[in-house]
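In case you want the letters, here they are:
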Amino acid sequence: MAAPKIRSLDPRLSPKLDVFLGGTDEVNQARAEQCPSVALAEPAVDGPGTAPATREALAPGEFRESIEVEGDAPVDAASPRAPTVLSPAEVIALATQTPQKAPPENVAFSLFVKLDRDLTPSVRQAAIKAVKRYAKRSRWKLDTGVVEVAARDVRDLLVNAAVAYVEPGQALRGPEPLIGHNITKGPGDSRRVKAESARHHDGQNVLVGIIDVGGFDFAHTDFLDKGETRWVSIWDQAGSSRPSPAGRIPPHYDGLDYGSEICRGAMNAAIKAARSRNMAASSLEPQSQMVIGSHGTHVASIAAGNDGVARKAFIAGVLLALRPEDTVAASSFYDSTRIADAVEYLIELAAELGQDNTPLPLSINISLGTNGHAHDTSSAMARWIDNALATRGRCVSVAAGNAGQVEPGSPTDRGYVKGRIHASGRIPATNLRRELGWIVGGDGVQDISENELEIWYGPQDRFDVEVKPPGQPWLEPIKLGQMMRNALLGNGTVLSVYNEAYHPANGLNRISVLLSPFFGPQQPGGSPQLGPIASGEWRVRLTGAVVRDGSFDAWIERDDPRRVPGSAQQWRYPSYFASGSYTDDRMIGSLACAERLLSVANADIDRNAAHVTSSRGPTRDGRPKPDIAANGTGVVAAKGFDSEVQWIEMTGTSMASPHVCGVAALMLGIKPDLTSAQIQGILRSTSSPLPGQTFGWRNDTGFGLIDAAACVRATAKFTDMVVKSTAATESGSAQ
């Protein structure tokens, strides 16, 4: 085979997006089956916000013919097609027959588009207008837009001189709680915060927003008040039963023109009709996911159920289409741009529900994660959330992640593969080297998913990078400013390597190594042909061309392990660092690294320690994340969509984060104009160290265990302090 071609890279185009653009339509159509930022292009619609014909508005008392979902089968899920797995020799032969040169035309990408920050208002508006000319939809916050665009138009975006960088959304990690026992009785008042209840009113007139998966059982007894639901709305991003939010109150929900919005009137009508029809209310107002024991229902119950923390708050949910089996993956997006949309929806909803042009205070929970980017504040999603939190009366709590386990608990325990996602080191001088081991597949597993490794290092250094496939010699070095795209290796793997200088978001240098399966033409009947990534240990060598500091951090963007339906040993399986390469820190999710959100760890109260699976900090740039810990072990909350069992135990940071979200809602109930920084400060200052620990920050439990009573007391005291200070100032001014 010919040697891989090395060439200069485009500094305004992310490596992953460049890889996408280097594939044909057939390659990207196959990629869309598993990549959250790639989807089949949809037919053009008559203007933005136009709802498809299947989403005509229904009156609250009207229902479509539907059936109740049993088990964990998603609604309208596509029947997966088992792939035909190719050997390396078959891959090489097929690649020779079907050269891949034509750029993609019939796929679309979900992107973050960043403009230069200090543009004049007129230049900024002109730049946004130019981007919108190519976008199927877009929504902007300051200098960053969430944009869906056809592949053929991506490079036209870069003609716009005001565009600084274009990148796809990050893959979202699904929640992975440990499922415990079914429980016959709810938690009662165990989560109720009685301190200052006359002032926080259990979160009354505060909106608790839940961004999650699995479905929201709005008719569960934990959410009913006098026979009606406390949910005010559910935006099902993959739904089709009702219109999308766009167009309801122009222009507030512009750009959110997909999915289905179920409002409170429709939910209450379904609850009323369900009694006479002897059906579940959720079967009359269905969601695209209604999983028994759903994650989203459990999380919402902790934060704001009748047995939860903020039990009088309004509740709204955004249901993400996260995993391929949850929707028709090839025709929809399910990456971090969808979280940006979800945050925007909840902000607009809080404004809509407020009075006298004052939005309701808003406390959002996100028990999902991302692992790409630099694990600082510079990712597009981190900037989006931090910008949203610049306004008073808003708070976002994010689960730190469940990647804390790095060693097996037993000979058969493979949970450690989820934790071996970070490596770090230092090249002490010029011409010296460091190597990282990267394990893909093995033990009978053939990995047919794309794998990505990112290495971030300082701008004062220059590293060369080499890759050694399993059982093969080292490939040619890639120097700073160079890249190798979609090189087909002799083992059937498609390799891309990028060595970027001065990333526009943080000024650091970044090395990206992407391993892709070979996506062959579909067979008659639609079955994909795939060549797995070569199993074994891949080696990545860094050589210091210029070294002034030499430090680096590396992360793997891991998959959620899933066997491919209908196959034997084909998996979408997480790769991980080999022994001697991985560390036991800095595996906290990149979404949880934003400056002003609350990053939450899982405390195992019975053991007086962080749970073994709870991801540890700090951030790459050394900031103290997680902020705080809460009980996330054996947490009892509502079991969704189960007509027989009402409660269930779950364990994970997903259960700890909504507890903090609920406490933040109570704090906003006392003082609705708290900033996210003030909430963060009060939580940190009132936390309690676990027995045997000190008040200092720890990488596993942050500043300690949340003390809900102390939080609301401190908020009340701070409120009174501000009132007295304001009164004294006004009195002095009057004299």
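Residues numbered from 1 in each chain as written. Predicted model: local features only at pLDDT ≥ 70, side-chain atom pairs only at ≥ 80, totals over all residues. Heavy atoms only, no water.

1. Digging into the nonpolar core
For soluble globular proteins, the rule of thumb is that nonpolar side chains tend to be buried together.
Phase 1 of the analysis: Core analysis: the largest hydrophobic core is formed by 58 residues, its most contacted members being Val208, Trp231, Ile679 and Leu683.
Phase 2 of the analysis: By residue number, the principal contributor to this core is helix H12 (residues 653-670), which donates eleven residues.
Phase 3 of the analysis: What Val208 contacts, discounting residues up to four positions off in sequence, is Ala303, Ala304, Ala310, Ala313, Phe314, Ile315, Ala316, Ser363, Cys661 and Ala665.
Phase 4 of the analysis: Of all hydrophobic cores here, the second largest spans 45 residues; its members include Leu172, Leu389, Val396 and Val398. (Core = buried A, V, L, I, M, F, W, Y, C linked by side-chain atoms within 4.5 Å. Buried < 20%, exposed > 50% of the residue type's maximum accessible area, 1.4 Å probe, protein only. Helix = DSSP H or I, 4+ residues; strand = E, 2+ residues; numbered from the N terminus. Contact = heavy atoms within 4.5 Å.)

2. What to know about the packing of aromatic side chains
Phase 1 of the analysis: Tallying each qualifying case throughout the model produces nine aromatic pairs.
Phase 2 of the analysis: Look at Phe216 and Trp231: their rings are 5.0 Å apart centre to centre, the planes differ by 40°, and that puts the pair in the tilted class. Here Trp231 lies in strand E12 (residues 231-236) and Phe216 lies in the loop between strand E9 (207-212) and strand E10 (224-225), a separation of 15 residues in the sequence. Each member of the pair Phe216 and Trp231 is classed as buried.
Phase 3 of the analysis: Geometrically, the ring pair formed by Tyr416 and Tyr576 is edge-to-face, given 6.0 Å between the ring centres and 90° between the ring planes. Residue Tyr416 is located in the loop between strand E16 (394-399) and strand E17 (422-426), and its partner Tyr576 is located in strand E31 (residues 576-577); the two are separated by 160 residues in the primary sequence.
Phase 4 of the analysis: A residue is classified by how much of its surface remains accessible, and Tyr416, at 13% relative accessible area, is buried.
Phase 5 of the analysis: Taken together, Trp235, Tyr253, Tyr258 and Tyr345 form an aromatic cluster joined through their ring pairs.
Phase 6 of the analysis: Sitting over the face of the ring of Tyr258, Arg338 holds its NZ or CZ atom 3.9 Å from the ring centroid.
Phase 7 of the analysis: Geometry around Trp474 places Arg541 over its ring, the cationic atom sitting 3.9 Å from the centre. (Phe/Tyr/Trp six-rings, centres within 6.5 Å; stacked < 30°, edge-to-face > 60°. Lys NZ or Arg CZ within 6 Å of the ring centre and 35° of its normal.)

3. Considerations on the state of the cysteines
Phase 1 of the analysis: In this structure the tally under the stated criterion is zero disulfides.
Phase 2 of the analysis: Its sulfur unpaired, Cys661 is 7.2 Å from the next cysteine sulfur, which belongs to Cys395. (Disulfide = S-S within 2.5 Å.)

4. Concerning the confidence of the model for the protein chain
Phase 1 of the analysis: Predicted confidence across the protein chain gives a mean pLDDT of 89, with 89% of residues reaching 70 or more.
Phase 2 of the analysis: For residues 324-329, every residue scores under 50 in pLDDT, and the model assigns this stretch 20 contacts once sequence neighbours within four places are set aside. (pLDDT = per-residue confidence, 0-100.)

5. Here's the deal with the side chain of Ser367
Phase 1 of the analysis: The topology assignment puts Ser367 in the loop between strand E15 (362-366) and helix H11 (380-388).
Phase 2 of the analysis: Separated by 2.9 Å, the side chains of Ser367 and Asn365 make a polar contact.
Phase 3 of the analysis: From its side chain, Ser367 meets the backbone oxygen of Ser654 in a polar contact 3.1 Å long. (Polar contact = N/O pair within 3.5 Å; in protein donor to acceptor, adjacent residues only side chain to side chain.)

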